[in-house]
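Breakdown of the fold
The lines below spell out each chain.
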Amino acid sequence: MIEMENVSKWYGNFQVLTDCTTQVAKGDVVVVCGPSGSGKSTLIKTVNGLEPFQKGRITVDGTVVGAPETNMSKLRSRIGMVFQNFELFPHLSIRQNLTLGQVKVLGRSEEEAAERGLKYLDRVGLLAHKDKFPGQLSGGQQQRVAIARALSMDPMAMLFDEPTSALDPEMINEVLDVMVGLAQEGMTMMVVTHEMGFARKVANRVIFMDKGAIIEDCTKDEFFGSARSERAQDFLAKILH
Ligand SMILES: Nc1ncnc2c1ncn2[C@@H]1O[C@H](COP(=O)(O)OP(=O)(O)OP(=O)(O)O)[C@@H](O)[C@H]1O
Ligand SMILES: [Mg+2]
């Protein structure tokens, strides 16, 4: 589904990604972890073209990211992205947040968009809140709306960038539960997170990054069993405490 080959990126002289190569098969759940500043956000944002890169190649479902012939807004509309800070439109109701992209980008009718959006809102357990505004919801609820919004677009894959790290501890699980459900239904997911419980439960693979490079790309069992690099072991020891 997603193939990255030797992706490198620089900000001026600073190399933020170095020869990153990995594949995500359909239905795979890949957790990306690593220290702050190691390039995790940048890596997943290259997948849907939110971050351009200077070297290497990325294809998503056979479409080459950033190629002149690729319709990037069309491709981007098929890749759901969920950020740390929800990024809902504060001046729009939950229902409007759910329908806007479907109408504007996918050309669906208001009715069709509302039907779909509310179906996913129900799925994340928030149908009763459809007429509220984002500011009237808790962080965990807003993040679940953001996930429902992404799902309403019928994504072929979902990218998550630390979706629970801005949440109070008691709200983390309600968001993780939704993500676990998605994973178990076979959604293709790349998830930047330090929630190792989530990784243990549903990840097929774990990617560990350090200084812009992919240091480990292994099965969950390998990663938790004998994370090979010293850097990864060090990191795991820190976050598991
Ligand atoms: N627009 C930018 N210009 C210059 N450097 C940048 C820019 N955006 C990010 N960087 C640098 O690129 C590196 C990787 O950033 P990135 O946000 O991908 O890291 P990260 O692993 O997601 O970190 P965190 O865990 O803190 O979210 C960092 O050193 C960061 O300072
Ligand atoms: Mg980040």
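An account of the accompanying structure is given in this report. (Residues numbered from 1 in each chain as written. Chains lettered and ligands numbered in written order. Predicted model: local features only at pLDDT ≥ 70, side-chain atom pairs only at ≥ 80, totals over all residues. Heavy atoms only, no water.)

1. Description of the nonpolar core
If you look at the biggest cluster of nonpolar residues, it comprises 48 residues, and the most contacted ones within it are Ile147, Met158, Phe160, Met179, Met189, Phe198 and Phe223. Contact partners of Phe198, with chain neighbours within four places excluded, come to Val29, Val31, Leu176, Met179, Val180, Met189, Val191, Thr193 and Ala203. Formed by 27 residues, the second largest nonpolar core is a distinct cluster that contains Ile44, Phe53, Ala157 and Val192. (Core = buried A, V, L, I, M, F, W, Y, C linked by side-chain atoms within 4.5 Å. Buried < 20%, exposed > 50% of the residue type's maximum accessible area, 1.4 Å probe, protein only. Contact = heavy atoms within 4.5 Å.)

2. Some words on the sheet that holds strand S9 (residues 205-210)
In space, the six strands of this open sheet follow the order S6-S7-S8-S3-S9-S10, with mixed pairing throughout. The open sheet has two edge strands, strand S6 (79-82) and strand S10 (213-219), and neither has a second partner. With strand direction ignored, the average angle separating the axes of adjacent strands in the sheet is 15 degrees. Here four bridges tie strand S3 (residues 29-33) to strand S8 (residues 189-192), and the two strands are oriented parallel to one another. The residue bridging Val30 from the neighbouring strand is Met190, located in S8. Docked against the sheet, helix H1 (residues 40-47) engages S3, S6, strand S7 (157-161), S8 and S9, running at close to 155 degrees with respect to S7. (Pairing = 2+ DSSP bridges. Helix = DSSP H or I, 4+ residues; strand = E, 2+ residues; numbered from the N terminus. Axes fitted to C-alpha atoms, helices over the stretch in contact; angles between N-to-C directions.)

3. Focus on the site of ligand 1
Looking at ligand 1, the residues that line it are Tyr11, Phe14, Val16, Pro35, Ser36, Gly37, Ser38, Gly39, Lys40, Ser41, Thr42 and Glu162. A distance of 3.0 Å separates an oxygen atom of ligand 1 from a polar atom in the backbone of Gly39. Protein burial of ligand 1: of its 640 Å² of free accessible surface, 58% is covered by the chains. Elements with a minimum of two residues in the shell around ligand 1: strand S2 (14-24) and H1. The dominant element in the shell around ligand 1, judged by the number of residues it contributes, is H1, at three residues. Across the shell around ligand 1, the residue classes tally to four nonpolar, six polar and two charged. (Near = heavy atom within 4 Å. Polar contact = N/O pair within 3.5 Å; in protein donor to acceptor, adjacent residues only side chain to side chain. Areas by Shrake-Rupley, 256 points an atom, 1.4 Å probe, with all protein chains shown as cover. Nonpolar A, V, L, I, M, F, W, Y, C, P; charged D, E, K, R; others polar.)

4. Observations regarding the sheet that holds strand S1 (residues 2-11)
One open sheet accounts for four strands, arranged S2-S1-S4-S5; its pairing is antiparallel. This sheet does not close on itself; its edge strands, each paired only once, are S2 and strand S5 (63-64).

5. Notes on the packing of helix H4 (residues 110-123) against helix H5 (residues 139-152)
Packing of H4 against H5 brings their axes to within 8 Å, and their N-to-C directions diverge by 140 degrees. With respect to their mutual orientation, H4 and H5 come out oblique. The element H4 and its partner H5 pack so that their crossing is right-handed. Mapping the contact onto sequence places Arg116, Gly117, Tyr120 and Leu121 in H4 and Val145, Ala148, Leu151 and Ser152 in H5. (Parallel < 35°, antiparallel > 145°, perpendicular 65-115°, else oblique. Left-handed = near helix turned anticlockwise from the far one by under 90°.)

6. Brief notes about the packing of aromatic side chains
By the definition in use, this model includes two aromatic pairs. Ring geometry for Phe208 against Phe235: centres 5.2 Å apart, planes inclined by 50 degrees, an arrangement best described as tilted. Here Phe235 lies in helix H9 (residues 230-240) and Phe208 lies in strand S9, a separation of 27 residues in the sequence. Looking at Phe208, the relative accessible area reads 0%, which means it is buried. Positioned above the aromatic ring of Phe224, the side-chain terminus of Arg200 is 4.2 Å from the ring centre. (Phe/Tyr/Trp six-rings, centres within 6.5 Å; stacked < 30°, edge-to-face > 60°. Lys NZ or Arg CZ within 6 Å of the ring centre and 35° of its normal.)

7. Structural notes on the pattern of salt bridges
Opposite charge on two side chains makes pairing possible when the charged atoms of those side chains draw close. This model, assessed by the stated rule, comprises 11 salt bridges. Across the salt bridge formed by Glu185 and Arg123, the nearest N and O atoms sit 3.2 Å from each other. Of this pair, Glu185 sits in the loop between helix H6 (169-184) and S8 while Arg123 sits in helix H4, placing them 62 residues apart in sequence. According to the relative accessible area criterion, Glu185 is exposed, its value standing at 57%. Put simply, Arg144 and Glu174 hold a salt bridge, and the shortest N to O gap is 2.7 Å. A residue pair is termed long-range when its members are at least 10 positions apart, and Arg144 in helix H5 and Glu174 in helix H6 qualify at 30 residues. Each of the salt bridges in this network shares a partner with another, and the network as a whole consists of Asp28, Arg205 and Asp217. (Salt bridge = Lys/Arg side-chain N within 4 Å of Asp/Glu carboxyl O.)

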